[in-house]
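# A closer look at the structure
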Amino acid sequence: MTTIITLKDIADLIPAGSRLICGGFQANRAPVGLVQALLDGPPGQFALTALPNPVPTDMLLRGDRLSLLDTSFNGLELSDGFHSSAGFRHAIECTNIGWKESDVYEIIQGMRAAAMGLPFIPAPEIAGSQYTESQYHRIHRVVDPFHGGESVFAVPPLNPDVALLHVQKADRNGNLWIEDPLYDEIILQASRLTIVSCEELVDSIDRPTISGLFVDHVLAIKNGAAPTGCRGYYGPDEKRLQEILGGTR
Amino acid sequence: MSKNYSTAQLMTCVIARDLSDSDRVAFGLHAGIGLGAALLAQKLHAPHLQIRHGLHESLKPALSPSAWTAEKRTESRVSYFESHDEMLLWGNPTGSQTFSSVFFISGLQIDRYGATNLVGIRNQASKPHIWLVRGPGSIGTPSAAWFCAKYYLFSFCHDLRTFVPKVDVVSVPGTDRLRALGYPKKFPRLCITPLGVFGWDNAEGTMKIISLHPGVTIDEVQERTGFELVRPDRVRTTEIPSSAEQKALKEIDPKGEIFKLDSTMLRD
């Protein structure tokens, strides 16, 4: 059953060492308020699996709260061009942070496998890419039992401990209304604990985008995605995003 | 004689001319040139061309409504935003549906074999694992190059740092690795840069000049490329945007937003 919480509860719900995943994509609906609440809590480091979502990644890196980053892409396209993430670059270039890297669809498929309870799942073909080798290695070839011994790539399940998501509306049962669905459903289904913030907490959502069955905790955080945008409420604050990322173009 | 077109517009026209009516064009981040080319092709010769996975929600170009797909003609912004995992639902070429047949890929480095690198440039003076420049990561380009029937490489920089003999890290494999894997016919469709148009459809499987843009010489392009380019017997000059193309470009992007996004590194 979904419970309604406050910002003060966030840090207690997420023990150090947890593997996190954040909703949002590029300059849209990053769960900035939730991540800030985590940063405001007691010290401790986490692992982060990151889809192309540079703002929460950079926040956690700059706060020195990541021991492991599992990523596919870090950088932001704004109206004046592409901005790399200075926090990400510094972490990889100058520190000993643990990191793994893959094609983004390996991560998506890994979460799909986790959501479905599968021991592994075929993944998109990436033959020839260096992501199949050495330190990048997550993907394996397995024999296709149905098509004459051909092999396909496969990935293991990827079970984040905690999913952090920001949406437009939620109701008291955890049902969510999302105007611009991204991969929200997959990250909620794959994760062991799900925390969702919303611009508006309403009494009831009749036709939810995502059922409250997948939501453990919900809370209202107005402007909870700022300075990224939240479609239907506010757009991204590009100036502030550039300051946060502080990267070069 | 001064040009009445920009280099970015010329590059866009090159791609647009190569697109066909049955294409389903997807484009990702920082690939507005792909959007421009798809819109241009739709307007001029490929009315049934489909455009997928806009991802322009995070950007603010105000494209002309008439330029967009039929479903979105009333939108004042390009806001066709698709779930990031949508590509997988029907991305596999052997699936019943086809997400896209065309994609656009770039890199910090592109090598003679058409491999790309979005991971990073190593500090060659130090240990191999030290990065001189850590790149953003390959996102979905390794798999997109396999999903799609054809993919174009593009770069707004044509210099020795970008066009290298061999990339430091392989995001998308080039003909050397692809041939070793048993795919001799798989390679980028074209590579478009501010200097010219290049391809890999040759016996060597290395980057070959297809055409050079007006005013660009073979010596210039070779000086700015870190490996020997394959040269045709006769080097063509890239056709400049026609009056029809220029008119269409103004219609699809009246404020010059698409080309401004990608072409900040160009000096016209």
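Now for a quick tour of the structure. From a predicted model like this one, the values you see are computed outputs, not experimental measurements. (Residues numbered from 1 in each chain as written. Chains lettered and ligands numbered in written order. Predicted model: local features only at pLDDT ≥ 70, side-chain atom pairs only at ≥ 80, totals over all residues. Heavy atoms only, no water.)

### Focus: the environment of Leu182 of chain A
Here is the rule we go by: Strands are runs of DSSP state E lasting at least 2 residues, helices are runs of H or I lasting at least 4, and numbering of each runs from the N terminus.
Counting through the fold element by element, Leu182 of chain A comes out in the loop between strand E12 (176–177) and helix H6 (184–190). A sequence separation of 153 residues divides Leu182 of chain A from Arg29 of chain A, and the C-alpha atoms of the two residues are 9.5 Å apart.

### Considerations on unusual backbone geometry
The line we're drawing: Only protein chains enter the accessibility calculation, which uses a 1.4 Å probe; a residue is then buried when its area is under 20% of its type maximum, exposed when over 50%, and partly exposed in between.
With an omega of 10°, the peptide bond running from Ala226 of chain A to Pro227 of chain A counts as cis. Looking at the element boundaries, Pro227 of chain A is found in the loop between strand E14 (217–220) and helix H7 (238–245). Positive phi values are uncommon outside glycine, yet Asp64 of chain A reaches one of about 55°. Residue position: Asp64 of chain A is located in the loop between helix H3 (54–62) and strand E4 (66–71). Despite not being glycine, Ile139 of chain B has its phi angle at roughly 45°, a positive value. Locating Ile139 of chain B in the fold gives a position in the loop between strand E7 (131–134) and helix H4 (141–147). Here Ile139 of chain B falls in the buried class, since its relative accessible area comes to 13%.

### Re the packing of helix H2 (residues 32–39) of chain A against H3 of chain A
Residue and element names in this part refer to chain A. Threshold: Structural elements are reduced to axes, namely lines fitted to C-alpha atoms, with helices fitted over the stretch in contact, and the angle between N-to-C directions of any two is expressed from 0 to 180 degrees. Here the word oblique covers every angle except those under 35 degrees (roughly parallel), over 145 (roughly antiparallel) and from 65 to 115 (roughly perpendicular). Contacts are assigned to residue pairs with any non-hydrogen atoms lying within 4.5 Å of each other. In this classification, the charged set is Asp, Glu, Lys and Arg, the nonpolar set is Ala, Val, Leu, Ile, Met, Phe, Trp, Tyr, Cys and Pro, and all remaining amino acids, among them Gly, are polar.
Between H2 and H3, the shortest axis-to-axis distance is 10 Å and the interhelical angle comes to 10°. With respect to their mutual orientation, H2 and H3 come out roughly parallel. In this structure, H2 contributes Val32, Val35, Gln36, Leu38 and Leu39 to the contact, and H3 contributes Val55, Pro56, Met59 and Leu60. Here the residues of the contact of H2 with H3 sort into eight nonpolar, one polar and no charged.

### Description of the sheet that holds strand E10 (residues 151–155) of chain A
All names here are of chain A. Heads up, the condition is: By the convention used here, strands pair only if DSSP detects at least 2 bridges between them.
As summarised here, the arrangement of the three strands in space is E8-E10-E9, forming an open sheet in which the pairing is antiparallel. Looking at the sheet topology across the chains shown, the edges are occupied by strand E8 (121–122) and strand E9 (140–143). Examined bridge by bridge, E8 and E10 share two bridges and lie antiparallel to one another. Residue Pro122 lies in a different strand from E10, and its bridge partner there is Ala154.

### Thoughts on the sheet that holds strand E9 (residues 163–164) of chain B
Residue and element names in this part refer to chain B. Pairing is mixed across the open sheet formed by three strands, whose spatial order is E5-E4-E9. A strand with exactly one partner marks an edge of an open sheet, and here the two such strands are strand E5 (116–117) and E9. As judged from the two bridges shared by strand E4 (residues 109–111) and E5, these two strands associate in the antiparallel manner. Opposite Gln109, over in E5, you have Asn117 as the bridge partner.

### Some thoughts on the packing of aromatic side chains
Keep this limit in mind: Classification of ring pairs uses Phe, Tyr and Trp, with its six-membered ring standing for Trp, and accepts pairs whose centres are within 6.5 Å; under 30 degrees between planes counts as stacked, over 60 as edge-to-face, and the remaining range as tilted. Sitting over a ring, as applied to charges here, requires NZ of Lys or CZ of Arg to be within 6 Å of the ring centre and within 35 degrees of the ring normal.
Summed over all chains, the structure comprises five aromatic pairs over all chains. Judged by centre distance (6.3 Å) and plane angle (55°), the ring pair of Trp99 of chain A and Trp131 of chain B falls under tilted. Of the two residues, Trp99 of chain A is situated in strand E7 (residues 98–101) and Trp131 of chain B in strand E7; the pairing between them involves two chains. Classification of Trp99 of chain A by relative accessible area gives buried; the value is 18%. Its relative accessible area of 6% is what places Trp131 of chain B among the buried residues. When the ring of Phe154 of chain B is compared with that of Phe156 of chain B, the centres are 6.1 Å apart and the planes differ by 75°; the resulting orientation is edge-to-face. We classify Phe154 of chain B as buried; its relative accessible area is 4%. Taking relative accessible area as the criterion, Phe156 of chain B reaches 7% and is therefore assigned buried. Its guanidinium or amino end placed over the ring of Phe153 of chain A, Arg141 of chain A lies 4.1 Å from that ring's centre, counting from NZ or CZ.

### Digging into the side chain of Glu199 of chain A
Residues and elements named next belong to chain A. Applicable threshold: Charge assignment in this entry is limited to Lys and Arg as positive and Asp and Glu as negative, and neither His nor the chain termini are counted. The working definition used for a salt bridge is a side-chain nitrogen of Lys or Arg within 4 Å of a carboxyl oxygen of Asp or Glu. Pairs of N or O atoms are called polar contacts if they sit within 3.5 Å, as long as, within protein, a hydrogen donor faces a hydrogen acceptor (for residues adjacent in sequence, only side-chain-to-side-chain pairs).
Looking at the secondary structure, you find Glu199 in strand E13 (residues 193–202). It turns out Glu199 is buried and unbridged, and the closest side chain with the opposite charge, Lys222, is 5.1 Å from it. Polar contacts involving the side chain of Glu199 include one to the side chain of His166, which spans 2.8 Å.

### Observations regarding the pattern of salt bridges
All names here are of chain A. As enumerated under the stated definition, the model contains 20 salt bridges over all chains in all. Asp180 is the salt-bridge partner of Arg29, the closest N and O atoms lying 2.9 Å from each other. You can see Arg29 sitting in the loop between strand E2 (19–22) and H2 and its partner Asp180 sitting in the loop between E12 and H6, a full 151 residues away along the chain. Asp180 matches Arg29 in its accessibility class, with the two residues each being buried. Residues joined in a network through salt bridges with shared partners are Arg29, Asp180 and Asp184.

### A closer look at the packing of H3 of chain A against H7 of chain A
The description of two helices packed together rests on the angle between their axes and the distance between the axes. Residue and element names in this part refer to chain A. As a reminder, the rule being used: Crossing chirality is assigned from the near helix's rotation relative to the far helix, an anticlockwise turn below a right angle marking it left-handed and a clockwise turn marking it right-handed.
Two elements in contact, H3 and H7, have axes whose closest approach is 10 Å; the angle formed by their N-to-C orientations is 40°. Here H7 runs oblique to H3, going by the angle between their axes. Crossing geometry of H3 relative to H7 is assigned as left-handed. For the pair formed by H3 and H7, the contact residues are Pro54, Val55, Asp58 and Arg62 on the first element and Leu241, Ile244 and Leu245 on the second. Of the residues belonging to the contact of H3 with H7, the class tally is five nonpolar, no polar and two charged.

### Things to note about the nonpolar core
Residues and elements named next belong to chain A. So the rule is basically this: We define a nonpolar core as any set of buried Ala, Val, Leu, Ile, Met, Phe, Trp, Tyr and Cys residues linked to one another through side-chain atoms lying within 4.5 Å.
Ile14 and Ile195 are the most contacted members of the largest nonpolar core, which has 74 residues in total. At six residues, H2 tops the list of elements feeding residues into this core. Leave out the neighbours within four places in its chain, and Ile14 touches Leu20, Leu38, Phe46, Val162, Leu164 and Ile195.

### Concerning helix H2 (residues 32–44) of chain B
Residue and element names in this part refer to chain B. Let me state the cut-off plainly: The span you would expect from a helix comes to 1.5 Å times its residue count less one.
Helix length check: H2, at 13 residues, gives a terminal C-alpha distance of 18 Å against a target of 18 Å (1.5 Å per residue), a fit within 8%. Judged by how many residues are buried, H2 sits mostly within the fold: eleven of 13 residues are covered. Residues of H2 that are buried: Gly32, Ile33, Gly34, Leu35, Gly36, Ala37, Ala38, Leu39, Leu40, Ala41 and Gln42.

Interpretation in functional terms is not warranted from these geometric data alone.
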